[in-house]
Amino acid sequence: MCRYFFFFFLCLVNLGFSQSKYYTFKSYNIDNGISDNYVEQVFEDSKGFIWLATHNGLNKFDGHSFKCIDLPASDNSADNVMSRNFVTSLVEDAHHILWIGTLAGVYKYDLDNDKFTFYTHKETDQNSLSSNYVEELILDKQGNSWVGTRIGLSQINNKTQKIQQFNFNPKDNKTIPGNNIAALAIDYQGTVWVGCRD
């Protein structure tokens, strides 16, 4: 009985709202300003600018027009224009730093000073990202960045700049459940939730 009432209530609420609201949509594509029609994420920063993470670049919208932001080459020898322009995720920290996940690693973009810093995977360096193929970025309450990649999870300590890698180990049930990270979230208690494709 409770289930039906809830469904009926939702229907009534939906009917009430559907008659009083009118929505209009405006479409943007490569013909009118953005660098690519494949958009991974839409993000609003603390100053009200809209950022688009696309498969062919980072786009900033000021309310009137789009500007494509060129991401500089990193120190990674495998870096190329296609991989660094394939932007997968965006998040802003309390210091007005835009964190940008790409297929060439992570970029930190200082919005106030127009300055880039980057983090990449280095084969022999444990103080590097698990992989350059970044899927997801989130920030915890301490300001640390969590980076979900296709080959593991990394945490960037923003005070010390140290990077810690977390990888799946089938012999240890206290490790992350898989290495191909698809989603990250942090709950109100500060617990990091990791969703995998494995």
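A brief structural summary. (Residues numbered from 1 in each chain as written. Predicted model: local features only at pLDDT ≥ 70, side-chain atom pairs only at ≥ 80, totals over all residues. Heavy atoms only, no water.)

### Quick notes on the environment of Ala73
- Tracing the backbone through its elements, the reader meets Ala73 in the loop between β4 (66-69) and α2 (81-85).
- Judged by its relative accessible area of 47%, Ala73 is partly exposed. (Helix = DSSP H or I, 4+ residues; strand = E, 2+ residues; numbered from the N terminus. Buried < 20%, exposed > 50% of the residue type's maximum accessible area, 1.4 Å probe, protein only.)

### Thoughts on the sheet that holds strand β6 (residues 97-102)
- Strand order in this open sheet of 4 strands is β5-β6-β7-β8, and the pairing throughout is antiparallel. With partners counted over all chains shown, the strands left at the sheet margins are β5 (87-92) and β8 (115-119), one partner each. When the angles between neighbouring strand axes are averaged without regard to direction, this sheet yields 20°.
- When strand β7 (residues 105-110) meets β8, the two strands line up antiparallel, connected through 5 bridges. Of the residues in β8, the one forming a bridge with Val106 is Tyr119. (Pairing = 2+ DSSP bridges. Axes fitted to C-alpha atoms, helices over the stretch in contact; angles between N-to-C directions.)

### A word on the pairing of strand β9 (residues 134-139)
- Sheet topology places β9 next to strand β10 (residues 145-149); 5 bridges connect them, and they run antiparallel. Opposite Glu136, over in β10, you have Gly148 as the bridge partner.
- Linkage of β9 to β10, two consecutive antiparallel strands, is achieved through a turn of 5 residues, within which Gly143 is found at a positive phi near 90°.

### Some thoughts on the nonpolar core
- Judged by nonpolar contacts, the single largest core of 14 residues is most densely connected at Trp51, Leu58, Leu90, Leu98, Ile100 and Tyr109.
- Going through the elements one at a time, β2 (50-54), β5, β6 and β7 are the ones with two or more residues in this core.
- Each residue touching Ile100, except ones within four places of it in the same chain, is listed here: Leu58, Leu71, Val87, Ser89, Leu90, Gly105, Val106, Tyr107, Tyr109, Phe116 and Leu137.
- Grouped together as the second largest cluster of nonpolar side chains are 11 residues, Val91, Tyr119, Leu129 and Ile163 included. (Core = buried A, V, L, I, M, F, W, Y, C linked by side-chain atoms within 4.5 Å. Contact = heavy atoms within 4.5 Å.)

### A few points about the side chain of Asp93
- Mapping Asp93 onto the fold places it in the loop between β5 and β6.
- One buried charged residue, Asp93, forms no salt bridge at all, with the nearest opposite charge on Lys108 at 6.1 Å.
- Once residues within four sequence positions are removed from consideration, Asp93 is found in contact with Trp99 and Leu139. (Lys, Arg positive; Asp, Glu negative; His and termini not counted. Salt bridge = Lys/Arg side-chain N within 4 Å of Asp/Glu carboxyl O.)

### Things to note about the pattern of salt bridges
- By the definition in use, this model includes 3 salt bridges.
- Note that Arg150 is salt-bridged to Glu135, the shortest N-O span being 2.6 Å. Residue Arg150 is found in the loop between β10 and β11 (152-156), and its partner Glu135 is found in strand β9; the two are separated by 15 residues along the sequence.
- The class of Glu135 is buried, set by a relative accessible area of 15%.
- Of the charged contacts in the structure, one is a salt bridge between Arg197 and Glu135, with a shortest N-O distance of 3.8 Å. Here Arg197 is found in the segment after β14 (192-196), whereas its partner Glu135 is found in strand β9, with 62 residues between them in sequence.
- Linked by salt bridges that have partners in common, Glu135, Arg150 and Arg197 make up one network.

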